[in-house]
Amino acid sequence: MTSRDRHSTLAASGQPPAGMPRQPGMGGTWFVLAALLGVSLLSGCTSASSQPMPMTAFAPAVEVVGDAQQQSSGPCGRRYAADIGVELSLIERMLDDGKPRSAAAHLEAGDYGLPLAWRLEGDARRAIGDVEGSNRAYEALLGTCLVADGYRGLARNAFRAGRHDQAMTLMRQARESRPIDPRIRNDLGYLLLLAGESQQAAEEFRTALELDPSHQQAAANLVLALRLSGQAAQAERTARRLGVDARLLAAPPRTISPAASPGERTES
């Protein structure tokens, strides 16, 4: 299948564009520990036009120099045709819209051979329960600039399989590979909290919040970590400052447990 054929197929899906691909490792929706208490920290959905739009309606402008088109630069600095960047962005939107099978199908048809495509494939196959295929895609990232996403994905799959020690080791490797990623810091804090290391977990959550003050999961998890470490008054002050739901303060600490493994997407 040619790039133009793939481009037309993606346009027929009716998915709106997301522009250039987002920074790696920053995508994916997580359950927070507050899930059992009925607190919904993430909401919102994406609407799309009921009629498919021609790709030219939202494709980025392409500068033609002689016979060469303007190229896009991927997260690892590899350059490729601009329409490939649009296609990968549309596939990422499919994942965000809860359509992992469609995303996996387009990735298979495209045969992109790019690190960003491997990350998307790992996420798509994980969402549909193909752990073996997901791990293969994440392992392919370990020799690229997206190594942190590879370790993070493998950690999430290990946690889902009940291998919590392995998940912790892999998530620490993800943090070492990309210490400025707030989602990885929150993920590691989540695992530490489940392991009973509430003070270490709180530090990870604080770091995540300094890196991204809008990170709602880290805010809720920080409040829980403070409560579990016996700092009830500080937990209350932190909850007020960060706007965390008061129901987190009302529940007994012993009732707090994960509703799903790290990185799970919230089903709507």
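Just so you know, these numbers come straight off a predicted model, no measurement behind them.

What should I look at first to understand the packing of helix 2 (residues 82–96) against helix 3 (residues 100–110) in this one?
A packed helix pair is summarised by two numbers, namely the angle formed by the two axes and the spacing between the axes. The geometry of helix 2 relative to helix 3 is characterised by a closest axis approach of 7 Å and an angle of 155 degrees between their N-to-C directions. It follows from the interaxial angle that helix 2 and helix 3 lie roughly antiparallel. Here the hand of the crossing between helix 2 and helix 3 comes out left-handed. Here helix 2 contributes Leu 88, Ile 91, Met 94 and Leu 95 to the contact with helix 3, which in turn contributes Pro 100, Ser 102, Ala 103, His 106 and Leu 107. Among the residues forming the contact of helix 2 with helix 3, the class breakdown is 7 nonpolar, 2 polar and no charged.

Explain helix 9 (residues 198–211) here, please?
Each α-helix winds once per 3.6 residues, and so residues spaced three or four apart point in a common direction. Taking 1.5 Å per residue, 14 residues should reach 20 Å; helix 9 reaches 20 Å between its end C-alpha atoms and fits that length. All buried positions along helix 9 are accounted for by Ser 198, Ala 201, Ala 202, Glu 204, Phe 205, Ala 208 and Leu 209. The arc that holds the buried residues of helix 9, viewed along the axis, is 160 degrees, so those residues lie on one side. Exposed residues lying more than 90 degrees from the buried face of helix 9 are Gln 199 and Glu 210. Elements in contact with the buried residues of helix 9: helix 7 (164–177), helix 8 (182–194), helix 10 (216–228) and helix 11 (232–242).

Sorry, what's going on with the pattern of salt bridges here?
As a working rule, side chains carrying opposite charge can pair if their charged atoms are close by. By the definition in use, this model includes 13 salt bridges. Measuring nitrogen to oxygen at the nearest pair gives 3.3 Å for the salt bridge that ties Glu 92 to Arg 119. Note that Glu 92 is positioned in helix 2 and Arg 119 in helix 4 (residues 115–127), a separation of 27 residues in sequence. In terms of burial, Glu 92 and Arg 119 fall into one category: buried. Notably, a salt bridge pairs Asp 130 with Arg 125, separated by 3.3 Å at the nearest N-O pair. One salt-bridge network, held together by shared partners, links Glu 92, Arg 119, Asp 123 and Arg 156.

What exactly am I supposed to notice about unusual backbone geometry here?
For residues besides glycine, phi is generally negative; the peptide bonds are generally trans as well. Notably, Asp 111 is not glycine yet its phi reads approximately 50 degrees, a positive angle. For Asp 111, the location among the structural elements is in the loop between helix 3 and helix 4. Given the relative accessible area of 65%, Asp 111 is considered exposed.

How should the nonpolar core be read in this particular structure?
Inside soluble globular proteins, nonpolar side chains tend to come together where they are buried. Leu 170, Met 171, Leu 191, Leu 193, Phe 205, Leu 222 and Val 244 are the most contacted members of the largest nonpolar core, which totals 38 residues. The set of elements that each furnish at least two residues to this core consists of helix 6 (147–160), helix 7, helix 8, helix 9, helix 10 and helix 11. The greatest single-element share of this core, amounting to 8 residues, is contributed by helix 10. In this structure, Ile 91, Leu 107, Leu 116 and Ala 117 belong to the second largest nonpolar core, which totals 15 residues.

Explanation requested: the environment of Asn 186 in the structure shown.
Structurally, Asn 186 is set in helix 8. Judged by its relative accessible area of 1%, Asn 186 falls in the buried class. Sequence separation between Asn 186 and Thr 207 is 21 residues; the distance between their C-alpha atoms is 8.3 Å. Contacts of Asn 186, omitting those with residues within four sequence positions, involve Phe 205, Ala 208, His 215, Gln 217, Ala 218 and Asn 221.

Conventions adopted
- Residues numbered from 1 in each chain as written.
- Predicted model: local features only at pLDDT ≥ 70, side-chain atom pairs only at ≥ 80, totals over all residues.
- Heavy atoms only, no water.
- Axes fitted to C-alpha atoms, helices over the stretch in contact; angles between N-to-C directions.
- Helix = DSSP H or I, 4+ residues; strand = E, 2+ residues; numbered from the N terminus.
- Parallel < 35°, antiparallel > 145°, perpendicular 65-115°, else oblique.
- Left-handed = near helix turned anticlockwise from the far one by under 90°.
- Contact = heavy atoms within 4.5 Å.
- Nonpolar A, V, L, I, M, F, W, Y, C, P; charged D, E, K, R; others polar.
- Expected span 1.5 Å × (residues − 1).
- Buried < 20%, exposed > 50% of the residue type's maximum accessible area, 1.4 Å probe, protein only.
- Arc of directions from axis to C-beta.
- Salt bridge = Lys/Arg side-chain N within 4 Å of Asp/Glu carboxyl O.
- Core = buried A, V, L, I, M, F, W, Y, C linked by side-chain atoms within 4.5 Å.

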